[in-house]
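Each chain is listed here by its residues.
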Amino acid sequence: MEDEKKIKNTQMTDEELDNIAGGLSKEEYRPIFDAEIGDFVAGQTVKGTIYSIERGLCVYVKISQKLIAMDATVGCEGNIFGYDKLKVGDTVVVYIERIIPEKLKIRVKIVS
């Protein structure tokens, strides 16, 4: 029961993920995303902070004041950075794999 409570506290709802920028709609968030994403390119390695852990799915990493990136490989077999080694608030280094501006998404891989 205690483990379930810990997991629930680290999970984000779809609504929370859609409202990363203070409750803005996607249309309102687009100019902010476009302005902040200019500092990043695919293939770059940057520091970030673990924002949310969706066990069995992915980890969300805050890479700037208003940008959250997703690592969907953390729970995959062979990835040395499993969920058990991460907690919300940890500082990590991520490799930016893809930036998908039309979907306001950033895909990363935690490297350390």
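In what follows, the structure referred to is the one given above.
Computed from a predicted model, the values in this text were never measured in an experiment. (Residues numbered from 1 in each chain as written. Predicted model: local features only at pLDDT ≥ 70, side-chain atom pairs only at ≥ 80, totals over all residues. Heavy atoms only, no water.)

Draft legend 1. Representation of the overall build of the protein chain within the structure. If you tally the helices and strands in the protein chain, you get 3 helices and 5 strands. Along its sequence from the N terminus, the protein chain presents helices and strands in the succession α-α-α-β-β-β-β-β. Evaluated residue by residue, the protein chain yields a buried proportion of 36% over its 112 residues. For the protein chain, long-range pairs separated by at least 24 residues make up 60% of all intrachain contacts whose partners lie at least 6 apart in sequence. Accessible area of the protein chain: about 7,000 Å², with a carbon and sulfur share of 50%. (Helix = DSSP H or I, 4+ residues; strand = E, 2+ residues; numbered from the N terminus. Buried < 20%, exposed > 50% of the residue type's maximum accessible area, 1.4 Å probe, protein only. Contact = heavy atoms within 4.5 Å. Areas by Shrake-Rupley, 256 points an atom, 1.4 Å probe, with all protein chains shown as cover.)

Draft legend 2. Inspection of helix 3 (residues 26-37) at higher detail. Restricting attention to buried positions, one finds in helix 3 the residues Tyr29, Phe33 and Ile37. Within helix 3, the buried residues cover an arc of 60° as seen down the axis, which keeps them to one side. Helix 3 presents Glu27, Pro31 and Ala35 as exposed residues on the side facing more than 90 degrees away from its buried surface. Residues of helix 3 that are buried in the fold lie against strand 3 (67-71), strand 4 (91-100) and strand 5 (105-110). (Arc of directions from axis to C-beta.)

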